[in-house]
Structures are given as C-alpha cells and as structure tokens.
Amino acid sequence: PEGSAFALAKIVPILQKSGKAVNITMMSDLTTADIRSNHIVYIGYISALEKLTTMVFAGSGLRIGRSFDELFNTKTAEYYTSDAGLPEEGDPFRDYGMFSTFPASIDTQVVMISGMRDAGLMHTAQALSDASALDDLIVAIDSDTDEAVGSFEALFEVYGVDRLNFDADLVYTNLLD
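The model shown is predicted, which means the values in this text are computed figures rather than measured ones. The residue numbering used here restarts from 1 in each chain and proceeds along that chain's sequence as written. Per-residue local features are limited, in this predicted model, to residues with pLDDT of at least 70; the limit for side-chain atom pairs, both in listing and counting, is 80 or more; totals at the level of whole chains, interfaces and linings are taken over all residues. To obtain the side-chain values, all non-hydrogen atoms of the structure were used and water was disregarded.

### Remarks on the sheet that holds strand β4 (residues 79-81)
Pairing is antiparallel in the open sheet, where 3 strands are placed in the order β2-β3-β4. The open sheet has two edge strands, β2 (62-64) and β4, and neither has a second partner. Each neighbouring strand pair of the sheet contributes to a mean axis angle of 25 degrees, computed without reference to strand direction. DSSP calls a pair of strands paired once it identifies at least 2 bridges connecting them. Helix and strand assignments follow DSSP, with helices taken as H or I runs no shorter than four residues and strands as E runs no shorter than two, numbered in order from the N terminus. Bridge analysis of β2 against strand β3 (residues 70-73) gives 3 bridges, and the strand direction is antiparallel. Bridging across to β3, leucine 62 finds its partner in asparagine 73. Axis definition: a line fit to C-alpha positions, over the contact stretch in the case of helices; interaxial angles, taken between N-to-C directions, run 0 to 180 degrees.

Pasting the structure below:
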C-alpha cells in the first residue's frame, strides 16, 4: 500500500537507533524460521498479514469481520468498519489503524503497525513515532509494566478526506494474554 512508504519513513529511523541490523523483506518472503529467530516489525494492511494473521489474532480481543475492512470486538460485540476503500473526492471517511505487540518466542517480539487502508496505517505509524502519543497509549492501557507494554493491542479510529488522515481517536486497547 502507498501508506507503507510513509510508515517506513517514520518507523525505520527509530529501529536504526537500536544499533541492530534492520532488514526489510516482503511478507511473501517471510518464513516461520524468520519469525522464530528475529524480532518482526510488520508494516502494512491488516489484509496482508499472511503468516502473521493467526498469531496477531490468537490472543486478541478483536476478530476480522466480514471483510478485512471490518474488525469485531469480541467483548462488546461492536464492529469497527472502514469506509475508506474508495471515497469520492472531498468526501469524509473513517478508517482504522491497529497496533499490536507480543512475544513470538522467548527471545523475539512481533510489532504490528497496520491499517485497514492507507489512512489508518499512516496514522498508526505517526502515533507510534510521537513521544506524547506513545505516552497517551501507555496511559490508555492502564499499566506500564514490562509485561503489559510488551503484549497489548490498540485500535485508532481515523478520520480523513481525499485519502488523507486529519484526526484520530484511540477507541480500543487491550492487554494480551
């Protein structure tokens, strides 16, 4: 998706500050051995998670709905549905961006920065690269323990016009088991 370039530009400099090697690969080239042996930072659409789909939603309070443009909250039975697919020029739309992080093994972590469409993806990457937005996210999950920060998910409702995001609200957070 077009939003991936924007998201990579926001996230890669943060990853490079770790001093560790950063390798970028296509999802279709990712192997199970890669997931077991490396930290994984996924940037893209929820619909393109491929091998990570089961892992991302295994402990989640969300499920994919009738399409990848919809998530279902298993606790409240609420649907979060994007209408950002093909908005008419000048028409406002709503999209969703999802963040999730959890251990893949004892030594590796998965970080998912995604959206139903570009606006959700771009907002999520922007929020995760901003210190005050990260602080707000930690406050929202109501725990700053290493276990909580290492295993939770969040959903942003993103508002936009002409395929660009203008505003967003954090509408869901959940500690993962």
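### A few points about the side chain of aspartate 69
Counting through the fold element by element, aspartate 69 comes out in the loop between β2 and β3. Working rule for contacts: check all heavy atoms of both residues, and any pair within 4.5 Å makes them a contact. Contacts of aspartate 69, omitting those with residues within four sequence positions, involve Tyr80, Thr81, Ser82, Met116 and Arg117.

### Observations concerning the packing of aromatic side chains
To pair, rings of Phe, Tyr and Trp, with the six-membered ring standing in for Trp, must have centres within 6.5 Å; the planes then decide the type, stacked if under 30 degrees apart, edge-to-face if over 60, and tilted in the middle. By the definition in use, this model includes 4 aromatic pairs. Taken together, a centroid distance of 4.8 Å and an interplanar angle of 50 degrees make the contact between phenylalanine 72 and tyrosine 79 tilted. One aromatic cluster is present, formed by Tyr80, Tyr96 and Tyr172 through successive ring pairs.

### Some points on a negative patch on the surface
A surface patch of like charges, here negative, comprises Glu88, Glu89, Asp91 and Asp162. Structurally, the position occupied by aspartate 91 is in the loop between β4 and β5 (92-103). With a 1.4 Å probe rolled over the protein chains alone, any residue whose accessible area is under 20% of its type maximum counts as buried; one over 50% counts as exposed, and the rest are partly exposed. Classification of aspartate 91 by relative accessible area gives partly exposed; the value is 35%. Patch membership requires more than 30% relative accessible area and the absence of a salt bridge. Residues of like charge join within 9 Å; the nonpolar side chains Val, Leu, Ile, Met, Phe, Trp and Tyr join within 5 Å. Only the protein chains shown count as cover for residues, and the accessible areas themselves come from Shrake-Rupley with a 1.4 Å probe. Here a salt bridge means any side-chain nitrogen of Lys or Arg lying within 4 Å of a carboxyl oxygen belonging to Asp or Glu. Charge counting follows a simple rule: Lys and Arg are positive, Asp and Glu are negative, and His as well as the terminal groups are ignored. Each charge is placed at NZ for Lys, CZ for Arg, CG for Asp and CD for Glu.

### Observations concerning the pairing of strand β6 (residues 109-115)
Of all the 7 residues making up β6, 6 are buried; the element is thus mostly covered by neighbouring parts of the structure. Hairpin remark: β5 followed by β6, antiparallel, with 5 residues in the connecting loop.

### Some points on the environment of lysine 17
By the element assignment, lysine 17 lies in the loop between α1 (2-16) and α2 (32-37). The class of lysine 17 is exposed, set by a relative accessible area of 75%.

### Structural notes on the nonpolar core
In this structure, Leu52, Leu71 and Met98 are the most contacted members of the largest nonpolar core, which totals 22 residues. Among the elements of the structure, β1 (40-45), α3 (53-58), β5 and β6 are those that each provide at least two residues to this core. Element by element, the count of residues in this core is highest for β5, at 3 residues. When neighbours within four sequence positions are excluded, leucine 71 is seen to be in contact with Ile46, Phe57, Leu62, Arg63, Ile64, Gly65, Glu78, Tyr79, Tyr80, Met98, Met116 and Leu155. Listed in part, the 20 residues of the second largest apolar core include Ala84, Phe93, Ala127 and Ala154. By nonpolar core is meant a set of buried Ala, Val, Leu, Ile, Met, Phe, Trp, Tyr and Cys residues that side-chain atoms within 4.5 Å join together.

### A word on unusual backbone geometry
For glutamate 50, which is not glycine, the phi dihedral falls at a positive 45 degrees. At alanine 77, a residue that is not glycine, the phi angle is positive and equals roughly 60 degrees. Tracing the backbone through its elements, the reader meets alanine 77 in the loop between β3 and β4.

### Brief notes about a nonpolar patch on the surface
A grouping of Leu8, Val22 and Ile24 is seen on the molecular surface, where their side chains present a nonpolar patch of about 240 Å² in accessible area. When you line up the elements, valine 22 lands in the loop between α1 and α2.

### Quick look at the pattern of salt bridges
All told, the structure shown has 3 salt bridges when counted by the stated rule. A salt bridge links arginine 66 to glutamate 70; the nearest nitrogen and oxygen atoms lie 2.6 Å apart. For arginine 66, a relative accessible area of 70% translates into the label exposed. On the basis of relative accessibility, which here comes to 5%, the residue glutamate 70 falls in the buried class. Notably, a salt bridge pairs aspartate 69 with arginine 117, separated by 2.7 Å at the nearest N-O pair.

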